[in-house]
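One letter stands for each residue in the lines below.
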Amino acid sequence: MLNTVSQSIQLSVPKPGYLHTSIYLVYEMDQLEKKTVKGQVFWYEFSFNRKLFFTDYGNVAKVERCDMDGMSRARIIDSKTEQPAALALDLVNKWVYWVDLYLDYVEVVDYQGKNRHTIIQGRQVKHLYGITVFEDYLYATDSDNFNIIRINRFNGSDIHSLIKMENARAIRIYQKRIQPTVRSHACEVDPYGMPGGCSHICLLSSSYKTRTCRCRTGFNLGSDGRSCKRPKNELFLFYGKGRPGIVRGMDLNTKIADEYMIPIENLVNPRALDFHAETSYIYFADTTSFLIGRQKIDGTERETILKDDLDNVEGIAVDWIGNNLYWTNDGHRKTINVARLEKASQSRKTLLEGEMSHPRGIVVDPVSGWMYWTDWEEDEIDDSVGRIEKAWMDGFNRQIFVTSKMLWPNGLTLDFHTHTLYWCDAYYDHIEKVFLNGTHRKIVYSGKELNHPFGLSHHGNYVFWTDYMNGSIFQLDLITNEVTLLRRERPPLFGLQIYDPRKQQGDNMCRVNNGGCSTLCLAIPGGRVCACADNQLLDENGTNCIFNPGEVLPQTCKAGEFRCRNRHCIQARWKCDGDDDCLDGSDEDSVSCCRFSYKLY
């Protein structure tokens, strides 16, 4: 029934450019380079004529066209359409076909946006998902009854159901004539094996003879327009967003479109972020997935470091000197917690519990030995309940730092140079600051751009914040009070940080040999305190940890765990790593570790 010229229908993901090996991806951002447009983008196609076509039903429903490097962007349809979705191209005759999911039609227009007319409209095309074209027919998938249908594009009344296929979505025609060979083009591989002379990605421009080079995420394009290099100055902004859940990085110079880090994907709500410059890790808390994880800025070594007993983590902070991670937990217990960056699950400790409503953001000052956190209050009647508290980094000497005229304090950030604490209040929609000695509290900004400020970060003479409601990232010049919109995305946006290794400097007694502590070294003003995980106790010397004798131990260890001589369980990969994780030396026994090393070789 379908084999008119040896063609076949293929359900698939969108295909790569056939002139060279670039795959075009669709995101939702307020720009279009190789891959991005704002709003709900559903479909795209590209043609022999080096054009990329795509649909968008964001603020303005439209069908657009641009060159394959993202330049020369133009609308070809922006009226009498509400929800344009799937589209397909007649490459020979230069026609664009598209489906409108709200108005229930399939229409066509030429590449210039002229000669528009309707192919078919009504209930027969009410739930079309994918569409493709070959010879006289359009082929489409129906997401309601999972039929694959054929429509005569010159006679819309000629429509037939071909086959029923459950969960049919994208559809393409597989036929050689759709992707003809081209004799020569600007993205051909040069003698050095580089497409078009580009180090990473070659994109055709306005003709076969011109091209644009682009770089992979985490690299910048060199001045020669071809080479790609990692940024010398690792200074960038990174932020979390939902729908979809992702952590992205961007240059502080908004004219540079390249991202400075490989995005952290497959998240739900990454609300809290921080970084550890020494190891190049980005740390994130995904509140919906109840986990804290990390990934290096080059996209490697993604892992979950904490998973159990996390209720609602709204804030995390890296102690870069003691190599610890602090976090707030807005569960039924309301806690402030700490763990080692490495082997976090084995070293986690509750520092403070109770006397909090909704603990949110947290920052640490390991040089001075203090930590600060915000506490939300949902009662709009009493504006003295929301507050910022502080304590030594071991949890002692807890005290209220700021409390009046405060209700929903969200993001916190420290300016270590001027000893200033900044925060944003999502109820009063303003940004405030106060010196760390408690003096000179002041509203920094309260303009119209503050709708629901969430994340906050400081760098130099600037403060940056995310707006949860409208999906915006703003920059405030603290000298001129000028506000700049850096980026706008589909909301919600969550926490943000400025990745700057210069922010993580200084020293304390935990720097060398973990302060002599076997597990946790926690900074306090003028010194340090050794501490143990919740199920451990300090021994008489005050530096080593032992297991609590009253702890109920499991009868057997889980798969992937090692059973210590003292019947405790640790992860098997911690055996023979140089650390006494069992606290009785059995995981570092010289005889067994010698055998273990031999097996590795």
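See the structure printed just above.
Residues numbered from 1 in each chain as written. Predicted model: local features only at pLDDT ≥ 70, side-chain atom pairs only at ≥ 80, totals over all residues. Heavy atoms only, no water.

Taken as a whole, the largest pocket spans an internal volume of roughly 1200 Å³. Around the largest pocket, the lining is made up of 45 residues, and of these Asp308, Ala344, Ser345, Gln346 and Arg348 lie nearest the centre. Mapped onto the lining of the largest pocket, the elements with two or more residues apiece are strand 27 (303–306), strand 29 (324–329), strand 30 (335–340), helix 1 (344–347), strand 31 (349–353) and strand 50 (569–571). Looking at which element gives the most residues to the lining of the largest pocket, the answer is strand 27, with 4 residues. (1 Å grid on protein atoms, 1.4 Å probe; cavity = no way out; pocket = protein on both sides within 12 Å on 5 of 7 lines; lining within 4 Å. Points joined across faces, edges and corners; volume = space filled by probe spheres on them. Helix = DSSP H or I, 4+ residues; strand = E, 2+ residues; numbered from the N terminus.)

This paragraph deals with unusual backbone geometry. Here Arg243 and Pro244 are connected by a cis peptide whose omega angle stands at 0 degrees. By the element assignment, Pro244 lies in the loop between strand 21 (236–241) and strand 22 (245–250). Omega for the bond connecting Pro491 with Pro492 falls within 30 degrees of zero, at 5 degrees, which places this linkage in the cis form. Phi at Lys334 takes a positive value of approximately 55 degrees, unusual for a residue other than glycine. Position of Lys334 relative to the elements: it lies in the loop between strand 29 and strand 30. If you check the backbone angles, Glu355 has positive phi at about 60 degrees while not being a glycine. Structurally, the position occupied by Glu355 is in the loop between strand 31 and strand 32 (358–365).

Our next topic: the state of the cysteines. Summed over the entire model, instances satisfying the criterion amount to 9 disulfides. Each disulfide pairs two cysteine sulfurs, and for Cys517 the partner residue is Cys530, the sulfurs being separated by 1.9 Å. Taking the sign of the torsion about the S-S bond as the criterion, the disulfide between Cys517 and Cys530, at about -75 degrees, is left-handed. You can see Cys517 sitting in the loop between strand 44 (493–499) and strand 45 (520–524) and its partner Cys530 sitting in strand 46 (residues 527–531), a full 13 residues away along the chain. According to the relative accessible area criterion, Cys530 is buried, its value standing at 5%. Across the disulfide from Cys564 sits Cys582; the S-S distance is 1.9 Å. Judged by the torsion about the S-S bond (-75 degrees), the Cys564/Cys582 disulfide is left-handed. In this pair, Cys564 is assigned in the loop between strand 49 (561–563) and strand 50 and Cys582 in the loop between strand 50 and helix 2 (590–600), connecting sequence segments 18 residues apart. (Disulfide = S-S within 2.5 Å. Buried < 20%, exposed > 50% of the residue type's maximum accessible area, 1.4 Å probe, protein only.)

With that settled, the discussion passes to the pattern of salt bridges. Enumeration according to the criterion identifies 25 salt bridges in this entry. Residue Lys62 is joined to Glu64 by a salt bridge in which the shortest nitrogen-to-oxygen separation is 3.9 Å. Among the residues examined, Glu64 registers a relative accessible area of 3% and is labelled buried. A salt bridge links Arg294 to Glu342, with the shortest nitrogen-to-oxygen separation between them at 3.0 Å. (Salt bridge = Lys/Arg side-chain N within 4 Å of Asp/Glu carboxyl O.)

What follows concerns the sheet that holds strand 36 (residues 409–415). Within the open sheet, the 4 strands sit side by side as 36-37-38-39. Their pairing is antiparallel. Every interior strand has two partners, whereas the edge strands, strand 36 and strand 39 (442–445), have only one. Across this sheet, the average inter-strand angle for adjacent strands is 30 degrees, counted without regard to direction. Where strand 38 (residues 430–435) lies against strand 39, 3 bridges are found, and the strand directions are antiparallel. (Pairing = 2+ DSSP bridges. Axes fitted to C-alpha atoms, helices over the stretch in contact; angles between N-to-C directions.)

All right, on to the pairing of strand 24 (residues 270–276) then. Most of strand 24 is tucked away: 7 of the 7 residues are buried. The pairing of strand 24 with strand 25 (residues 281–286) spans 6 bridges and is antiparallel. Looking at strand 25, one finds that Ala272 is bridged to Ala285. Following strand 24, the chain reverses through 4 residues before pairing antiparallel with strand 25; Ser280 in that reversal takes a positive phi of roughly 65 degrees.

Counting residues in hydrophobic clusters, the biggest one holds 19 residues, and the most contacted among them are Phe53, Ile76, Val96 and Trp98. Listed by contribution, the elements that provide at least two residues to this core are strand 7 (74–77), strand 8 (84–90), strand 9 (95–100) and strand 10 (105–110). With residues near it in sequence (within four places) discarded, Ile76 still touches Phe53, Val63, Glu64, Arg65, Val96, Val109, Asp110, Tyr111, Gln112 and Gly113. (Core = buried A, V, L, I, M, F, W, Y, C linked by side-chain atoms within 4.5 Å. Contact = heavy atoms within 4.5 Å.)

Quick look at the environment of Arg294 now. Position of Arg294 relative to the elements: it lies in strand 26 (residues 291–296). Expressed as a C-alpha distance, the spacing of Arg294 and Phe284, which sit 10 residues apart in the sequence, is 6.0 Å. For Arg294, the side chain forms a polar contact with the side chain of Glu303, separated by 2.7 Å. (Polar contact = N/O pair within 3.5 Å; in protein donor to acceptor, adjacent residues only side chain to side chain.)

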